[in-house]
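# Coordinate analysis (summary)
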Protein chains: 2
Amino acid sequence: MANRDVSYFALGGGGFIGTNLCRRLAGRGGRVRAFSRHFAFPDAMAGVDLVTGDFRNHDALASAIEGFDIVYHLVHATPPQPANVDIGGDITNNVLPSLALFDICRRLGVKRIVFLSSGGTVYGRAAVVPTPETAPTEPIAAYGISKLMIEKYLVLHEHLHRMDYRVLRVTNPFGAFQTTIKNQGIIAALIARGLAGEPIEIWGDGSAVRDFIYVGDVIDALELASRDQSEFRIFNIGRGEGRNIREIAGTVERLLGRKLQIVWKDARAIDLPVSVVSNARAKEVLGWTPKTTLDEGLRQTIAWWQGRALSEDSSTR
Amino acid sequence: MANRDVSYFALGGGGFIGTNLCRRLAGRGGRVRAFSRHFAFPDAMAGVDLVTGDFRNHDALASAIEGFDIVYHLVHATPPQPANVDIGGDITNNVLPSLALFDICRRLGVKRIVFLSSGGTVYGRAAVVPTPETAPTEPIAAYGISKLMIEKYLVLHEHLHRMDYRVLRVTNPFGAFQTTIKNQGIIAALIARGLAGEPIEIWGDGSAVRDFIYVGDVIDALELASRDQSEFRIFNIGRGEGRNIREIAGTVERLLGRKLQIVWKDARAIDLPVSVVSNARAKEVLGWTPKTTLDEGLRQTIAWWQGRALSEDSSTR
């Protein structure tokens, strides 16, 4: 599927999506370099050239990118909740370095930038659900605003400098290599705490509906986006189906075969009641389709956590 | 029309719109303070408390704002063309200080922020003309993106902190106190150069269509926006009618009674072929209407320039 003559650079390649993407691309025999502040799973990235660095360091970034064709921009230094508290910091640490990245890519003749945006935050309280790419973008979280602005600056760079890009508005991804460190993935938290027999804190009453998508399907979309020749630039990537948090917790409980200890906390201002995207454009234009059912994705994720627990047990022996 | 019990603070009060607004508010007997880096016409601002300062200086800004009810945010430190060349600087000098302004207003209990946005850039190449507020916002200039970002952060501040605000997306304003210094107002340039018998450089072939609005009508809208109690937040302010640049030049020529020497230059990437907004919402909700015809507005603007030339002649005598 991947073209061996094309080289791939993954900014934020040490994170959840990045690790999965690099493994896929390297597995296809492509030239792949990952650039990240931190690599949580370096042993899992055989065949990937790992460069440790901060994307706010322009010189380091430029020398690492030189010679690569496709740049995946997967990094966002500020998680959603802290971004609302320090909005200026969110801009300084994410929007401004993204602009520097675009300058670098332009100077070095990068062929395409594929940007990981946020299907769960850029639309805000959408009037139409599942929400298409053409819906109004009214984020109610700073994280969504900065993602949206980076999208707008890509549009501008195409207009001013013929920069080639694609944007994937990914919903709520889950799967292997998603850890609980940044407290972002609710499925990772449910499984990790569930396996450990620990209580899980969840904001809200469990009625919030999300569009969970297995990471393998997201990686399919990232590969397709690097090659798309359509006139479209922005694609929603989600299953197009909502599940509420109680339902997800119940499914994890069933698959784990044990009762979860959930502590429900007050909902946060940034939490939307419903977030589900329409994936019709990605299906039609990219030829993408989410292949993994929620049950199957959850099973694979649980297997990954169980394998991890085993290997940690053996390594501490 | 203005409430004497309400106090008004105009950030960027020394500029074109600011000078006109402060004169109007002070003329109604209100308490008015203008804060600006520079006051081009201090003698024209009787009854207005003038504070010279930079809006990036948070402490100076906070002490100046303390005790005021309505804050007009009229400042944008970077003109459209330079913003595209230094996008990061545009964000640093405009978006980040706007966030600091919002924090200050929140801390000081400011009752409402009225933000001057840009009807001519936030929509980009609109599919629907005249363009309503609900149209997609796809700017093709950094200036429009940063204006849009500031709008989005106002939405967020209402959501997170119940901040009260209104946004006016004003098209192409013209009138008294618009100078040619920043090279922004094409009508000011046509009149000033025309009166001086100097050549005028215009980007493009003159076919670009713009929605010119007389500044007196914009000030009407700024007053109404400070009092609006509707559920709407964003209002287009324009005549809702387009004129191409050749037509405007021809009208100025006719009213001046002399031939203009126009030098047509290549169009710039940021120049849209057409920019005309729908003003239906402002008419219906604010009860606003543009009262000044283009001819009448141009006559008044020419009279202002002629008066200025006379007073400059006498002052150099």
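This section reports on the structure supplied with the text. Each chain carries its own residue numbering, running from 1 in the written order of its sequence. As they are written, the chains are lettered A onward and the ligands numbered 1 onward, keeping that order. Local features are withheld for residues below a pLDDT of 70 in this predicted model, meaning they are given only at 70 or higher, and side-chain atom pairs are given and counted only at 80 or more; totals for whole chains, interfaces and linings count all residues.

Quick look at the overall build of chain A now. Secondary structure elements are defined from DSSP: runs of H or I of at least 4 residues count as helices, runs of E of at least 2 residues count as strands, and each element is numbered from the N terminus. When helices and strands are counted, chain A shows 10 helices and 14 strands. The C-alpha radius of gyration of chain A comes to 19 Å, within 12% of the 20 Å expected for a compact globule of 317 residues. The principal-axis extent of the C-alpha atoms belonging to chain A is close to 55 × 50 × 40 Å. As a rule, residues whose C-beta atom has 12 or fewer other C-beta atoms within 10 Å are exposed, those with 20 or more are buried, and those in between are partly exposed; C-beta atoms are placed from the backbone. Out of the 317 residues in chain A, the part that is buried amounts to 49%. Throughout, a residue-residue contact means that the two C-beta atoms, derived from backbone geometry, are no farther apart than 7 Å. Nonlocal contacts in chain A, meaning residues at least 24 apart in sequence, comprise 77% of its contacts between residues at least 6 apart. For this measure, only C-alpha atoms enter the radius of gyration; the expected value for a globule follows 2.2 Å times N^0.38, where N is the number of residues.

The next subject is unusual backbone geometry. In the segment running from Val 129 of chain A into Pro 130 of chain A, the intervening peptide bond is cis, with an omega of 0°. Position of Pro 130 of chain A relative to the elements: it lies in the loop between β5 (112-118) and α5 (142-161). Of note in the backbone geometry, Arg 162 of chain B takes a positive phi value of approximately 55° without being a glycine. Structurally, Arg 162 of chain B is set in the loop between α5 (142-161) and β6 (165-170).

All names here are of chain A. Taking strand neighbours across the sheet as the criterion, the seven strands line up as β3-β2-β1-β4-β5-β6-β11 in an open arrangement whose pairing is parallel. Strands with a single pairing partner mark the edges of an open sheet, and in this sheet they are β3 (49-52) and β11 (234-237). Strand-to-strand, the axes of this sheet are offset by a mean angle of 20°, without reference to chain direction. By this definition, two strands are paired if DSSP reports at least two bridges between them. Alignment of strand β4 (residues 70-73) against β5, held across four bridges, turns out to be parallel. Across the sheet, Val 71 pairs through a bridge with Ile 113, a residue of β5. Helix axes are fitted to C-alpha atoms over the stretch in contact, other axes to C-alpha atoms as well, and angles between N-to-C directions run from 0 to 180 degrees. In this fold α5 packs onto β5, β6 (165-170) and β11, with an angle of close to 155° to the strand it touches most, β5.

What follows covers the relation of the copies chain B and chain A. Superposition record for chain B on chain A: RMSD 0.0 Å, screw rotation 180°, translation along axis 0.0 Å. Such a combination of rotation and displacement between the chain copies is what one expects of a two-fold axis. We place the copies in one frame by least squares, fitting the C-alpha atoms of every residue whose pLDDT is at least 70 in both.

Linking buried Ala, Val, Leu, Ile, Met, Phe, Trp, Tyr and Cys residues through C-beta atoms within 7 Å yields a set, and such a set is a nonpolar core. Membership of the largest hydrophobic core comes to 176 residues, with the highest contact counts inside it found for Ala 10, Tyr 72 and Ala 221 of chain A together with Ala 10, Tyr 72 and Ala 221 of chain B. Excluding its chain neighbours within four sequence positions, the residues that come into contact with Ala 221 of chain A are Leu 168, Phe 235, Ile 237, Ala 282, Leu 286 and Trp 288 of chain A.

Now for the sheet that holds strand β14 (residues 274-275) of chain A. Hydrogen bonds between backbone atoms are what pair the strands of a sheet, whose relative direction is either parallel or antiparallel. Residue and element names in this part refer to chain A. In spatial order, the strands read β12-β9-β14; together these three strands make up an open sheet with mixed pairing. With partners counted over all chains shown, the strands left at the sheet margins are β12 (243-244) and β14, one partner each. In this structure, strand β9 (residues 209-210) lies alongside β12, joined through two bridges in antiparallel fashion. The residue bridging Val 209 from the neighbouring strand is Asn 244, located in β12.

It is worth spelling out the interface of chain B and chain A at this point. Taken together, the contacts link 20 residues of chain B with 20 residues of chain A. Elements represented by at least two residues in the side of chain B that touches chain A include exactly α4 (87-108) and α5 of chain B. In terms of residue count, α5 of chain B provides more of the side of chain B that touches chain A than any other element does, nine residues in total. Taken together, the residues that form the side of chain B that touches chain A break down as 15 nonpolar, three polar and two charged. Gly falls in the polar group here, along with every residue not listed as nonpolar (Ala, Val, Leu, Ile, Met, Phe, Trp, Tyr, Cys, Pro) or charged (Asp, Glu, Lys, Arg).

A few words on the packing of α4 of chain B against α5 of chain B. Residue and element names in this part refer to chain B. It is the contact of α4 with α5, at a shortest axis distance of 10 Å, that shows an interaxial angle of 25°. Judged on the interaxial angle alone, α5 and α4 are roughly parallel. Crossing handedness for the pair α4 and α5: right-handed. Of the residues in α5, those in contact with Ile 87, Asp 90, Ile 91, Asn 94, Val 95, Ser 98, Leu 99, Phe 102 and Arg 106 of α4 are Ala 142, Tyr 143, Ser 146, Met 149, Ile 150, Tyr 153, His 157 and His 161. Per-class residue counts for the contact of α4 with α5 are 10 nonpolar, five polar and two charged. We call two directions roughly parallel when the angle between them is under 35 degrees, roughly antiparallel when it is over 145, roughly perpendicular when it lies between 65 and 115, and oblique otherwise. When the near helix sits turned anticlockwise from the far one by under a right angle, the crossing is termed left-handed; a clockwise turn instead gives a right-handed crossing.

Another point: helix α1 (residues 16-27) of chain A. Residue and element names in this part refer to chain A. Expected span, for any helix, means 1.5 Å times one less than how many residues it has. Helix length check: α1, at 12 residues, gives a terminal C-alpha distance of 17 Å against a target of 16 Å (1.5 Å per residue), a fit within 8%. Extensive coverage of α1 is indicated by the burial of 11 of its 12 residues. Those residues of α1 hidden inside the fold are in contact with β1 (7-11), β2 (31-36), β4, β5, β7 (172-174) and α7 (215-225). Gly 29 occupies a position one or two residues after α1 and carries a positive phi of about 90°.

Another aspect to go through is helix α7 (residues 215-225) of chain B. The element α7 of chain B is largely enclosed, with a buried count of nine among its 11 residues. Turning to α7 of chain B, its buried residues number three or more, namely Val 215, Asp 217, Val 218, Asp 220, Ala 221, Leu 222, Glu 223, Leu 224 and Ala 225 of chain B.

With that settled, the discussion passes to the packing of helix α2 (residues 58-65) of chain B against α4 of chain B. All names here are of chain B. It is at 10 Å that the axes of α2 and α4 come closest, and there the two elements cross at 35°. Regarding α2 and α4, the two cross each other, and that crossing is right-handed. Across the interface between the two elements, His 58, Leu 61, Ala 62 and Ile 65 from α2 touch Ala 100, Leu 101, Ile 104, Cys 105 and Leu 108 from α4. For the contact of α2 with α4, the residue count by class is eight nonpolar, one polar and no charged.

Glancing now at the pairing of β6 of chain B. Looking down a regular strand, the side chains alternate between one sheet face and the other. All names here are of chain B. Within β6, six of the six residues are buried, which leaves the element mostly enclosed by the surrounding structure. Along β6, one buried face is formed by Tyr 165, Val 167 and Arg 169 and the opposite face, lined by Arg 166, Leu 168 and Val 170, is buried too. Strand direction decides the pairing type here: strand β5 (residues 112-118) and β6, joined by six bridges, are parallel. Each bridged residue has a counterpart across the sheet, and for Val 114 the counterpart in β6 is Arg 166.

All names here are of chain B. Residue position: Val 277 is located in the loop between β14 (274-275) and α9 (280-286). Take Val 277: there are 31 C-beta atoms within 10 Å of it, and that puts it in the buried class. Each C-alpha atom of the pair Val 277 and Asp 211 lies 7.1 Å from the other, and the pair is 66 residues apart in sequence. Every residue in contact with Val 277, bar those within four places of it in the chain, is listed here: Gly 119, Pro 130, Thr 131, Arg 169, Thr 171, Asp 211, Asn 236, Gly 238 and Gly 240.

The next point concerns the environment of Arg 33 of chain B. All names here are of chain B. Structurally, the position occupied by Arg 33 is in strand β2 (residues 31-36). Between the C-alpha atoms of Arg 33 and Thr 92, which are 59 residues apart in sequence, the distance is 25 Å. Aside from chain neighbours lying at most four places away, what touches Arg 33 is Phe 9, Asp 49, Val 51, Ala 64 and Phe 68.

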